[in-house]
Amino acid sequence: MKHAFSPLPSGRPAGHAGRSWRLVRSLFALSVLVVTAIGLVQFTFLLAAGDALRTAGRAAVHEAVMPRATCRSIAAAAHRRLVTAQLADAADPVYVEINGRPGFGATRPEPGDRVVVALSLAAPAAAPDLLGPLGILPAGRQIRLRLAVRIP
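The sections below set out a description of the structure shown in this document.

Reading the values: rules and limits
- Residues numbered from 1 in each chain as written.
- Predicted model: local features only at pLDDT ≥ 70, side-chain atom pairs only at ≥ 80, totals over all residues.
- Heavy atoms only, no water.
- Helix = DSSP H or I, 4+ residues; strand = E, 2+ residues; numbered from the N terminus.
- Buried < 20%, exposed > 50% of the residue type's maximum accessible area, 1.4 Å probe, protein only.
- Contact = heavy atoms within 4.5 Å.
- Areas by Shrake-Rupley, 256 points an atom, 1.4 Å probe, with all protein chains shown as cover.
- Pairing = 2+ DSSP bridges.
- Patch = residues over 30% accessible without salt bridge, like charges linked within 9 Å, V, L, I, M, F, W, Y side chains within 5 Å.
- Salt bridge = Lys/Arg side-chain N within 4 Å of Asp/Glu carboxyl O.
- Expected span 1.5 Å × (residues − 1).
- Core = buried A, V, L, I, M, F, W, Y, C linked by side-chain atoms within 4.5 Å.

Here we look at the overall build of the protein
Inference 1: Counting its regular elements, the protein contains three helices and four strands.
Inference 2: Starting at the N terminus, the α and β elements of the protein follow one another as α-α-β-β-β-α-β.
Inference 3: Put simply, the protein has 152 residues, and 30% of those count as buried.
Inference 4: Sequence-distant contacts, at least 24 apart, represent 63% of the contacts inside the protein between residues at least 6 apart.
Inference 5: On the protein, roughly 10300 Å² of surface is accessible, and the fraction owed to carbon and sulfur atoms is 61%.

Let's talk about the pairing of strand β3 (residues 114-122)
Inference 1: Here β3 lies mainly inside the structure; seven of its nine residues are buried.
Inference 2: As judged from the four bridges shared by strand β1 (residues 95-98) and β3, these two strands associate in the antiparallel manner. Across the sheet, Ile98 pairs through a bridge with Val115, a residue of β3.
Inference 3: Taken together, the nine bridges between β3 and strand β4 (residues 142-150) define a ladder with antiparallel strand orientation. Across the sheet, the residue bridging to Leu121 is Ile143, located in β4.

Focus on a nonpolar patch on the surface
Inference 1: Among the surface-exposed residues, Leu23, Leu27, Leu30 and Val34 lie close enough to one another that they form a single nonpolar patch of about 380 Å² accessible area.
Inference 2: Structurally, Leu23 can be placed in helix α1 (residues 19-64).

Overview of the environment of Pro111
Inference 1: Its place among the elements puts Pro111 in the loop between β2 (101-102) and β3.
Inference 2: Judged by its relative accessible area of 61%, Pro111 is exposed.
Inference 3: Between the C-alpha atom of Pro111 and that of Arg150, which follows or precedes it by 39 residues, the distance is 7.9 Å.
Inference 4: In this structure, Pro111 is in contact with Ile151 and Pro152, ignoring residues within four places of it in sequence.

Some details on the pattern of salt bridges
Inference 1: Tallied over the full model, the rule gives two salt bridges.
Inference 2: For Arg54, the salt bridge goes to Asp51, with nearest N and O atoms at 3.0 Å. Here Arg54 and its partner Asp51 are both found in helix α1, three residues apart, which amounts to about one turn of the helix.
Inference 3: Across the pair Glu97 and Arg146 runs a salt bridge, and its minimum N-O distance is 3.6 Å. Of this pair, Glu97 sits in strand β1 while Arg146 is found in strand β4, placing the two residues 49 residues apart along the sequence.

Observations regarding the side chain of Glu97
Inference 1: You can call Glu97 buried: its relative accessible area is 11%.
Inference 2: Excluding anything up to four places from it in sequence, Glu97 contacts Pro102, Gly103, Arg114, Val115, Val116 and Arg146.

So, α1
Structurally, the α-helix is built with 3.6 residues per turn, so residues lying three or four positions apart point the same way.
Inference 1: Spanning 46 residues, α1 covers 67 Å between terminal C-alpha atoms, matching the ideal 68 Å at 1.5 Å per step.
Inference 2: All of the buried residues in α1 are Gln42, Ala49, Gly50, Ala52, Leu53, Ala56, Gly57, Ala59, Ala60, Val61 and Ala64.
Inference 3: Close packing links the buried residues of α1 with α2 (71-84), β3, α3 (123-126) and β4.

Topic: the nonpolar core
Inference 1: Judged by nonpolar contacts, the single largest core of 28 residues is most densely connected at Leu53, Ile74, Leu82, Val115, Val117, Leu119 and Leu121.
Inference 2: Broken down by secondary-structure element, the contributors of at least two residues to this core are α1, α2, β1, β3, α3 and β4.
Inference 3: Per element, the largest residue contribution to this core is seven residues, and it comes from α1.
Inference 4: If sequence neighbours within four positions are ignored, Ile74 has contacts with Ala60, Glu63, Ala64, Ala69, Val96, Pro109, Val115 and Val117.

Take a look at the structure:
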């Protein structure tokens, strides 16, 4: 009766891999772990940038409901938060919209108006391109946030 682990002419069992095969498997597993770890680091940077945008957007929305708020002060509130997070240089200008129309300068939202604040940031500026050589981080992508509030 033949068994799966019968000895080969070399004297080792047929079911056991050689030393070189174990090395190949180990190197493959190690490379997968390294790419996964780098991906997690990059995702953490992107998540932190998204959180900074959310914080800036909330500050802008809070400014918008203040009685003397203008489009300029709303954009400045968001910009101050982006400066704190060191992302102001990488962020696009803050876009403020009142009732579906672009707001600018000293335009003031009135009670009942719907104010929308839109922020965007280039993904490569927020996170180092660690997996770029593998083509995993989509270059040219944006992290975007759009918040709306109705003025009471």
